[in-house]
Every structure is written in structure tokens, then in C-alpha cells.
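Summary of structural features
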Amino acid sequence: MRIEWRFWVGALAVVVLSLWLLSGILLPFVMGIVLAYFLNPVVVRMRRIGIGRTPASLVVVVIMLLAVVIFFLVLLPLLTTQLMEFMQRLPAYVARLQGLFTEENREWLSHIVGDRLPDMQRSISELMTQGVTYLLGLLSSVWSGGQALVAMFALIVVTPVVMFYILCDWDKMVAFVDRLVPVPHRPVVRELARAMDSAVAGFVRGQAMVCLLLGSFYAISLSLSGLNFGLLIGIVSGAITFIPYVGSLTGFVLAIGVAIVQFFPDWSMISVIFSIFIFGQVLEGYVLAPKLVGDSIGVHPVWLMFALFAFGYLFGFVGLLLAVPLTAVAGVLVGFAITRYRASRLYMGTGEDPPSAVDAG
């Protein structure tokens, strides 16, 4: 048993070290594998109606490429324009909100801060201006960097090829990995693999659909309401809905802040923006999440935020892609470890450990 533990710990260390060393070139390959995993059920359903795996894989890749082309030709220019304009207007928006707040409440604020209120307003405004200038410079350097352009080119060219071959050979790859598992451990490993697949498929695939649908709803509704940067705020809100409460709260704060600056003192329009987010939360909580995510194994928001920061810091954008699936997988493994611990003599205070599926196999 000690040799087996050394083997698995060594294998994990090799995988982590490889990810860290090769993180700069792994993005198109990891993206292709992730997309193939998420779209494999579509290929399976197409096979059930008589379409071969290779033609079905080709159709899925072509549709994905069309969606990417539409995104780059239509949505990306709009989002980039709105993002840059929003960053430029942010100091003025913050100053306007400060002005509305202090003009309406100047008397009681003066009792708290005294004569320092104008100085505080200037300091906050200057701080916001400096922060926005820094972010604009950072975005410009990132997009103009040669490494970023090379990575984008590799992502567009290599990812579809990797995705196609993975989809074509999916069944062979799964069977090959299954044959590599030590025979005595296969029952437990297969059971864990099914649980992991259920967790990832149920939570990640389901939550991804929730993000897509909710982001589309917010983007369309906010844009039709006439809110400035409605498309950008809606898509950002949907994209980070992966983290429960964070996405909706971020979008709500941004939308209400922009609405107050844009529409004040027209409270009817501000109420419309408020109602859009209330309806979105009801739609997510009572329709989308129960139907698409269901009772799958969820991930606590705190652990999810920690995983995104940790994997992103260690492995860059590749880590961000892997953070959520690996967190769901880690949840399954931790649950399995807790079950084994509760059945052990350490927890029960008895003699020897009861026989497990690994020992019995």
C-alpha cells in the first residue's frame, strides 16, 4: 500500500510540475480537450441517429468555428469598444455618484467628516483616475504584445484541430486509460470516475448553460432598456455567474450605478434596471438552475473563488480553464476520503480497518 501511495503522489507531482513548466504553450491544447469533453454528448446523440463519430465530430467543430467567427466579427468589437469607453468614463461616473450622494446628504456628512469633505472627494476622484489610467495601460500592453497575438493565433488554429481529433478518438482514449488502471483498483477507480464525470457534467456543463442564457438575457434586456454599456454589463454578469452571488451582485452594482448616473432623477428607469436583475435572479433560482444543474454536486463559492485565484496565479489562463472542473473533481475525492476515514479504525476507535473495495478487488 505504501508503494501505491508513493506512485500516485509521484504521478500527481509530475502532472502539476508539467502544467507549471508548460503553461505557456498548453492553452490551445487544454482548450481543445475541454471543449471536446463538453461537446462529446452532442456527438454521442448524433451517433444515436445513425451519424458516424467522425462526421459528427466534424459537424460539431464546424458549428463551433462559426460561433467563434460570429463572436470575433460581431460581439468582440462591440465589447472592446464598450470596455474602453467604460474605463474612460469610470472616474466621471464615480464623481457623479459622489456628487449625488453628497449633495443630498451634505449636512449629516459634514457632521461626521467636518471641513474635510471636499478634500476627500478630490482624493477619491484622483485615486479612481489613476487606477483607470493604469488599467487602460495594462489592457493596451496585453493586447499589443506579440506573445498575446501568437497565443491568440495558436488558439484559433490549433484548438479546433485538437478538438476534432479528441472527439474522433474519445472512446479509444477512455478505453486506453481504463486499461492502464491497476486491475485490483479498477472497481473503485471506475466508480470515482463516474462520480467525477457526474459532478463535472452536472455542475460545470449545467452552470455553463446557466451563464450563457442568463448573460444573454441581461445583455439583451439592459441594451433594450437603453442603459449605457448594457451589452458589456450583461455579458460580464453572465460570465461570472459561475461563482454564485458574485456574478449577479457585480452586474447589479454596475448596472444600478450606471443607471443612477444616466437616468437620475427618473426613478422609473432606475426601477426598470432593478426589475431586470430581480427577474434574472428569479429565472436563475427557480427555472434555469433546477433544470440545468439540478441536484449535481455543487462547489462552495469560497472554494470556487480560491480555486480560480490559485490556479490562475500558478498556471495563468490555463489554470482558469481547469479551476472549476478540477474543483468539482476535488470535491468528489474529498468526499471519498471522508467516507474512507469514517470507516477506518482511526475514526471508529476499533481494531483493524474494514475491508474496502480496493482490498476486495
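Here, the structure is the one placed above.
Everything numeric here is computed off the predicted structure, so don't read it as measured data.

Membership of the largest hydrophobic core comes to 39 residues, with the highest contact counts inside it found for Val-60, Met-163, Leu-167 and Val-324. Going through the elements one at a time, helix 2 (27–48), helix 3 (53–113), helix 5 (146–168), helix 7 (186–224), helix 11 (301–315) and helix 12 (317–342) are the ones with two or more residues in this core. Ranked by residues supplied to this core, first place goes to helix 2 with ten residues. Leave out the neighbours within four places in its chain, and Met-163 touches Gly-32, Leu-35, Ala-36, Leu-39, Val-60, Val-61 and Met-64.

Within the chain, Phe-229 stands out as a residue other than glycine whose phi angle is a positive 60°. The residue Phe-229 is located in the loop between helix 7 and helix 8 (230–239) in this model.

The terminal C-alpha atoms of helix 7, which comprises 39 residues, lie 55 Å apart, in line with the 57 Å expected from a rise of 1.5 Å per residue. Following helix 7 by one or two positions, Gly-226 adopts a phi angle in the positive range, close to 90°.

Turning to its location among the elements, Asp-169 is positioned in the loop between helix 5 and helix 6 (170–180). Distance in space between the C-alpha atoms of Asp-169 and Thr-54 is 8.8 Å, their sequence separation being 115 residues.

As enumerated under the stated definition, the model contains three salt bridges in all. In this structure, Asp-171 engages Arg-53 in a salt bridge whose closest nitrogen and oxygen atoms are separated by 3.6 Å. Note that Asp-171 is positioned in helix 6 and Arg-53 in helix 3, a separation of 118 residues in sequence. On the basis of relative accessible area, Arg-53 is assigned to the buried category, the value being 10%. In this structure, Asp-178 and Arg-190 form a salt bridge, with 2.8 Å as the shortest nitrogen-oxygen distance. Taken as a pair, Asp-178 in helix 6 and Arg-190 in helix 7 lie far apart in primary sequence, twelve residues in all. We classify Asp-178 as partly exposed; its relative accessible area is 25%. Classification of Arg-190 as partly exposed rests on a relative accessible area of 36%.

Parameters and conventions
- Residues numbered from 1 in each chain as written.
- Predicted model: local features only at pLDDT ≥ 70, side-chain atom pairs only at ≥ 80, totals over all residues.
- Heavy atoms only, no water.
- Core = buried A, V, L, I, M, F, W, Y, C linked by side-chain atoms within 4.5 Å.
- Buried < 20%, exposed > 50% of the residue type's maximum accessible area, 1.4 Å probe, protein only.
- Helix = DSSP H or I, 4+ residues; strand = E, 2+ residues; numbered from the N terminus.
- Contact = heavy atoms within 4.5 Å.
- Expected span 1.5 Å × (residues − 1).
- Salt bridge = Lys/Arg side-chain N within 4 Å of Asp/Glu carboxyl O.

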